[in-house]
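Summary of structural features
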Amino acid sequence: MSIDIDIAAPVGGPALPQERRLVTSIPGPRSQEVLDRKAAAVSAGIGHTVPVAAVAAGGGVVVDADGNSLIDLGSGIAVTTVGNAHPAVVAAVQEQAARFTHTCFMISPYEPYVAVAEALNRLTPGDHMKKSALFNSGAEAVENAVKIARIHTKRQAVIAFDHAYHGRTNLTMALTAKAMPYKSGFGPFAGEVYRAPLSYPFHDGLNGADAAARAISVIEKQVGAGNVAAVIIEPIQGEGGFIVPADGFLPAIVEWCRANGVVFIADEVQTGFARTGAMFASELFGIVPDLITTAKGIAGGLPLAAVTGRAEIMDASHTGGLGGTYGGNPIACAAALAAIDAFENDGLIERANAIGDILRSRLEAMQAADPRIGDVRGRGAMSAAEFVDPATGEPDAALTAAVAKACIAEGVIVLTCGTYGNVIRFLPPLSIGDDLLNEGLDVVAAALAAH
Ligand SMILES: *Cc1c(COP(=O)(O)O)cnc(C)c1O
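Below, the structure is looked at part by part. Residue numbers run consecutively from 1 along every chain, following the written order of its sequence. With the structure being a predicted model, the display of local features is reserved for residues of pLDDT at least 70 and the display and counting of side-chain atom pairs for 80 or more, all residues being used for whole-chain, interface and lining totals. Excluded from the side-chain calculation are hydrogens and water; included are all heavy atoms of the structure.

Considerations on the pattern of salt bridges
Counted only if it meets this: One speaks of a salt bridge when a side-chain nitrogen belonging to Lys or Arg is within 4 Å of a carboxyl oxygen belonging to Asp or Glu. Here a strand is any run of E in DSSP of at least two residues, a helix any run of H or I of at least four, and the numbering for each starts at the N terminus. Here's how the labels work: a residue is buried when its accessible area is under 20% of the maximum for its type, exposed when over 50%, partly exposed in between, all with a 1.4 Å probe on protein chains only.
Scanning the entire structure with this criterion turns up 16 salt bridges. E95 serves as the salt-bridge partner of R99, at 2.8 Å between the closest nitrogen and oxygen. Of this pair, R99 and E95 both sit in helix α3 (residues 87-99), separated by four residues, roughly a single helical turn. We classify R99 as exposed; its relative accessible area is 59%. Given a relative accessible area of 45%, E95 falls into the partly exposed group. In this structure, the salt-bridge partner of R258 is D290, at a minimum N-O distance of 2.9 Å. Of the two residues, R258 is situated in helix α9 (residues 249-259) and D290 in the loop between β8 (263-267) and β9 (291-294); the sequence distance between them amounts to 32 residues. Relative accessible area serves as the criterion here: at 39%, R258 is assigned to the partly exposed category. Bridged by salt links that share partners, the residues R20, E410 and E439 form one connected network.

If you want it as structure tokens, here you go:
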């Protein structure tokens, strides 16, 4: 087989040619070789969406082992929000790696961890006294937020919502709503987790106040306010389908929590750090969480997560009750400080809103021409289209999967989500250019028209 391979750039970042370029079918032979080795060596439980082996990424593209350049509308699930291999992140990582790679913050602390905590305390909503603790993954942050809420309130019950996604560890599986693929066969799950109905305007037609009253009634009748340690919710649900609650829903839930001594936890692991056109999505709904969990976009791709919140709640644990060997790794903290500097000083919130305007107008134009798009929703660079059968209104997961697959074959990375598998979500890196974003959406429109 003779293929004209355009050699992939050895480094990524914004200097990569910003173009969609297919030099083989997807996957090409070099990617296929890696995928064959994956099938033989890696647990079958770990799937993949895009059948390529990545070798470089940056700006708005991912380059594969065969030299194909794909438009990135997924950011590795909302992680590379500042852009992949962002130069300031790369420099911070290199510098910190050359100094020291680990001491364990619980053994000998170091300044970058403290600086990340200070930045999170400053940037998260509310002007009350705050403290933070750092961890490795979103699920670990959620687990720790629940631990902190329980020891603070001396209560046990935790309320999560329909369509929630909070992770894949045992407690977070219990909090997550969807059985397949996240929970099926993996029980028994952690106890004292209860589920309340969400506000999902496209499906329930309820206003925010009525949806909140419905949820509060379930909590009070089935759990009892005095037993509830925490309510945890994603301000805009991610994996569950980019569900934006009706106006007033979140403030009413927060108000109920305050009145009943319940810790309100906003899981901003996916929505955080400029993604939604605000530093944190809670701001869009005018709410101030007691605790906020962050991860994904926090460190430009390095594994880092945090719980940030009211100092008196964050200090409730005895010393040594929180922590972990790697939590707040110094390289990840250095990366986070560089990424946070970019969020604050490089106009990324404005960029997320500009990207959101393009996404919304393009998706609404597609919807106007095609009744199979039942709903267009989201905020900023976290926007989505929900696909239905126009005759019945029933979710159309088959169409959604076919369109996403066709986009990937044409060199555009799109992700699906939703309890019913019928949502295509758009999470482009904020470093993508308008032309590339529009070209990616042209491919989506063409794929939809062809199916
Ligand atoms: C991804 C995600 C998690 C889990 O984060 P991991 O780093 O994968 O453990 C938790 N909550 C939300 C809202 C998420 O989107």
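Points about the sheet that holds strand β15 (residues 423-426)
This is how the line gets drawn: Note: two strands are recorded as paired if DSSP finds a minimum of 2 bridges between them. Lines fitted to C-alpha atoms define the axes, with helix axes restricted to the stretch in contact, and inter-axis angles between N-to-C directions lie between 0 and 180 degrees. Every residue pair with non-hydrogen atoms within 4.5 Å of one another is taken to be in contact.
Across the sheet, which stays open at both edges, the four strands sit in the order β11-β12-β15-β14 with antiparallel pairing between neighbours. Of all the strands in the sheet, the pair left with one neighbour each is β11 (373-379) and β14 (415-417). Neighbour-to-neighbour, the strand axes of the sheet open up by a mean angle of 25°, direction not taken into account. As paired strands, β14 and β15 are joined by three bridges and run antiparallel to one another. Bridge pairing in β15 links C417 to V423. Where helix α12 (residues 348-369) meets the sheet, it contacts β11, β12 (382-387) and β15, and its direction lies at approximately 175° from that of β11.

Digging into the packing of aromatic side chains
We count it as follows: Aromatic rings from Phe, Tyr and Trp, taking only the six-membered ring of Trp, are treated as a pair when their centres fall within 6.5 Å; an angle between ring planes under 30 degrees marks them as stacked, one over 60 as edge-to-face, and anything in between as tilted. Ring-over charges, as used throughout, are those where CZ of Arg or NZ of Lys falls within 6 Å of the ring centre and within 35 degrees of the ring normal.
Under the criterion given, the structure shown has eight aromatic pairs. Note on Y110 and Y113: the rings are 6.4 Å apart at their centroids and 80° apart in plane angle, and the pair reads as edge-to-face. For Y110, a relative accessible area of 7% translates into the label buried. The buried category is assigned to Y113, whose relative accessible area is 10%. The ring of F189 has K183 sitting right over it, with the charged end atom 5.1 Å from the ring centre.

Overview of the site of the ligand
For clarity, the threshold we go by: Residue proximity to a molecule or strand is established when one non-hydrogen atom of the residue lies within 4 Å of it. The definition of a polar contact used here is a pair of N or O atoms within 3.5 Å, where within protein one atom must be able to donate a hydrogen and the other to accept one, and adjacent residues in sequence count solely through side-chain atom pairs. In these tables, accessible area is a Shrake-Rupley quantity obtained with a 1.4 Å probe, and a residue counts as shielded only by the protein chains included in the view.
The immediate surroundings of the ligand are formed by S137, G138, A139, Y165, H166, G167, E234, D267, V269, Q270 and K296. In the environment of the ligand, an oxygen atom lies 2.8 Å from a nitrogen or oxygen atom belonging to the backbone of A139. With respect to the ligand, the side chain of Q270 contributes an N or O atom lying 2.9 Å from an oxygen atom. Bound to the protein, the ligand loses 82% of the 380 Å² it would expose on its own.

Description of the environment of K130
Within the secondary structure, K130 is located in strand β4 (residues 130-135). Take K130: its relative accessible area is 10%, and that puts it in the buried class. Those residues within four positions of K130 in sequence are excluded, and the remaining contacts are N121, R122, T124, P125, T308, G309 and A311. A polar atom in the side chain of K130 sits 2.7 Å from the backbone oxygen of G126.

Let's talk about the side chain of K183
Operational definition: Neither His nor the chain ends contribute to the count of charged residues, in which Lys and Arg are positive and Asp and Glu negative.
Mapped onto the fold, K183 is located in the loop between α6 (170-175) and β6 (193-196). The buried charged residue K183 lacks any salt bridge partner; its closest oppositely charged side chain belongs to D162, at an N-O distance of 9.7 Å. A distance of 2.8 Å separates a polar atom in the side chain of K183 from the backbone oxygen of T176.

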